[in-house]
Amino acid sequence: MKEKANVSGLVPEATIPTVADANPTRRKLIQGIGSASILSLIDPMVKAGAWAAGSDAPEKTDVKVSFIALTDCSSVVMANHLGLDKKYGVKIIPTKEASWAAIRDKLVNGENDMSHILYGLVYGLQMGIGGQQKDMSILMSLNNNGQAITLSKALYQKGVSDGASLKVLMDKEKRDYTFAQTFPTGTHAMWLYYWLANYGINPFKDAKIITVPPPQMVANMRSGNMDGYCVGEPWNARAIIDGIGFTAITTQAIWQDHPEKALGTTSDFAKKYPNTCRAVTTAILEAGKYIDSSTSNKHATAEVVSAPSFVNTDVAVIQDRMMGRYNNGIGKTWDDPQAMKFYNDGLATFPYLSDGMWFMTQHKRWGLLKEHPDYLAVAKKVNNIAIYKDAATASKTPLPKSDMRSSKLFDGVVWNGSNPAAYADSFKIKA
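S.K.: Kindly report on the packing of aromatic side chains, identifying the contributing residues and their values.
M.R.: Per the stated rule, a full pass over the model turns up 23 aromatic pairs. A ring pair is formed by Phe-350 and Tyr-352, whose centres lie 4.9 Å apart and whose planes are at 65°; its orientation type is edge-to-face. Take Phe-350 and Tyr-352: they sit in the same class, and that class is buried. Here the guanidinium or amino end of Arg-175 rests over the ring plane of Tyr-177, the centre of that ring lying 3.8 Å away. Sitting above the plane of the Tyr-194 ring, Arg-365 keeps its charged end 5.3 Å from the centroid.

S.K.: Run through helix H3 (residues 74-81), naming residues and quoting values.
M.R.: In terms of burial, H3 is largely enclosed, as six of its eight residues are buried. Of the residues making up H3, those classed as buried are Ser-74, Ser-75, Val-76, Val-77, Met-78 and Ala-79. Where H3 terminates, the next one or two residues include Gly-83, which has phi positive at roughly 75°.

S.K.: Give me the lowdown on the packing of helix H14 (residues 274-292) against helix H15 (residues 295-305), citing residues and values where you can.
M.R.: Between H14 and H15, whose axes approach to 6 Å, the crossing angle comes to 115°. Contacts between H14 and H15 involve Tyr-290, Ile-291 and Asp-292 from the former and Asn-297, Lys-298, Ala-300 and Thr-301 from the latter. Residues of the contact of H14 with H15, tallied by class, amount to three nonpolar, two polar and two charged.

S.K.: Can you lay out the sheet that holds strand S4 (residues 114-118) for me, pointing to particular residues and giving the numbers?
M.R.: Taken in spatial order, the five strands line up as S3-S2-S4-S11-S5 in an open sheet, and their pairing is mixed. Two strands lie at the open edges of the sheet, namely strand S3 (91-96) and strand S5 (136-141), each paired on one side alone. Neighbour to neighbour, the strand axes of the sheet diverge by 30° on average, direction disregarded. Judged from the six bridges that link them, strand S2 (residues 62-67) and S3 form a sheet pairing that is parallel.

S.K.: Talk me through the pattern of salt bridges; I want residue IDs and the actual numbers.
M.R.: Where charged atoms of side chains with opposite charge meet at close range, the side chains can pair. One pass over the full model with this rule turns up 19 salt bridges. Note that Lys-106 and Glu-111 form a salt bridge whose closest N and O atoms lie 3.8 Å from each other. Accessibility expressed as a relative area gives 11% for Lys-106, which makes it buried. A single salt-bridge network, built from bridges that share partners, covers Arg-222, Arg-238, Asp-242 and Asp-314.

S.K.: Break down the side chain of Arg-321 for me, citing the residues and quoting the values.
M.R.: Along the polypeptide, Arg-321 turns up in helix H16 (residues 315-322). Under the relative-accessibility criterion, Arg-321 is labelled buried at 4%. In terms of polar contacts, Arg-321 uses its side chain to reach the side chain of Glu-233, at 2.8 Å. Here Arg-321 is in contact with Ala-148, Glu-233, Asn-236, Ala-237, Ile-240, Thr-247, Tyr-326, Asn-327, Asn-328 and Ala-339, once residues within four sequence places are set aside.

S.K.: Could you give an account of the nonpolar core, with specific residues and numbers?
M.R.: Ranked by internal contacts, the top residues of the largest apolar core, which has 119 residues, are Phe-179 and Trp-358. A per-element tally of this core places helix H9 (residues 187-198) first, with nine residues. The residues contacting Phe-179, other than those within four sequence positions of it, are Leu-151, Leu-166, Met-170, Leu-192, Leu-196, Ala-207, Lys-208, Ile-209, Ile-210, Asp-227 and Gly-228.

Conventions adopted
Residues numbered from 1 in each chain as written. Predicted model: local features only at pLDDT ≥ 70, side-chain atom pairs only at ≥ 80, totals over all residues. Heavy atoms only, no water. Phe/Tyr/Trp six-rings, centres within 6.5 Å; stacked < 30°, edge-to-face > 60°. Buried < 20%, exposed > 50% of the residue type's maximum accessible area, 1.4 Å probe, protein only. Lys NZ or Arg CZ within 6 Å of the ring centre and 35° of its normal. Helix = DSSP H or I, 4+ residues; strand = E, 2+ residues; numbered from the N terminus. Axes fitted to C-alpha atoms, helices over the stretch in contact; angles between N-to-C directions. Contact = heavy atoms within 4.5 Å. Nonpolar A, V, L, I, M, F, W, Y, C, P; charged D, E, K, R; others polar. Pairing = 2+ DSSP bridges. Salt bridge = Lys/Arg side-chain N within 4 Å of Asp/Glu carboxyl O. Polar contact = N/O pair within 3.5 Å; in protein donor to acceptor, adjacent residues only side chain to side chain. Core = buried A, V, L, I, M, F, W, Y, C linked by side-chain atoms within 4.5 Å.

By themselves, these are just geometric observations and shouldn't be taken as functional.
Encoded structure:
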């Protein structure tokens, strides 16, 4: 029986085995390097530049980076698979977890060093919501776009194809409508709430909201536990292939090039191991550049991450939407130039302060935060732009002109971080 919880509480999830290199011979070799250290493995040009005189060598060389079975873990996986981590003197150990609650707990208690993590989850921890308060650090954004809202085929059979027709049905047929997100303060929760509210549906008054780990979404919809959900790929595509759901909207249609997953760690870890953080960030930047650079590289990436130790699904389920080839499951197909981006010349990876601030405005909108925080001050504390810029220099990643950016969401509302309190209070539907 799969456990789930409503938005007010979290149910601990069972963890699953980690993916680690347990080769004892290699481990002894690394330990035996001694005074020469793992620096001897680093690309000579990198050592001569970023790690001048060896003074900036990674303080910790084996780094456990946890992840959830989602397509957007790809740059973390590929940084290790391609040996880009070794190039910068570290060994990324991709560590698979079963739920975002497990990701949170093992990151905060130090069992894992860093994580592929929901942007909003990091800010929730920083603000003491969605978990015990813990000072956090976002080293980079891992991707933009590539999530979706899936509705059940049962709704489609009653005339629902989008948000407007969902509202019509909910007004006409009164019952409990259940929608799932993956973590109460996370990205999927915020996309789902924003979308529902745009059509006059209050997610907390007009529906029941539950929390379900990403890999369990399809099974829960198949068993009739929900009417819809918001999750990352490939679990939207999987519902279509299995004939149980359809894509009502992609998240890039809600907010083009929106922030999604981040590379997160605790503030304590970032302060203790700054060179390690820079090395891991640099390797993942290069992995993102590799993925985005060609269709053949995306295909190769899909082949790798589809394995049971990572996403554990058919290659085609991952590959099509990674390539931007969309089928909504109810007759519409299209090529989406705004599909998941892992690099985009650095625009998909820069930890914009305004991105972090946006999640706090939505946390305030939905009553998760009771008072307005100092939005900019918190974002400057969490988003570790200094480490990112060092990693960008090492990987030759272009930097944007500003630490803030402006975006127009699908409702026509512009977000630029200039007046976050007024923005958070401006929505007609809120807690």
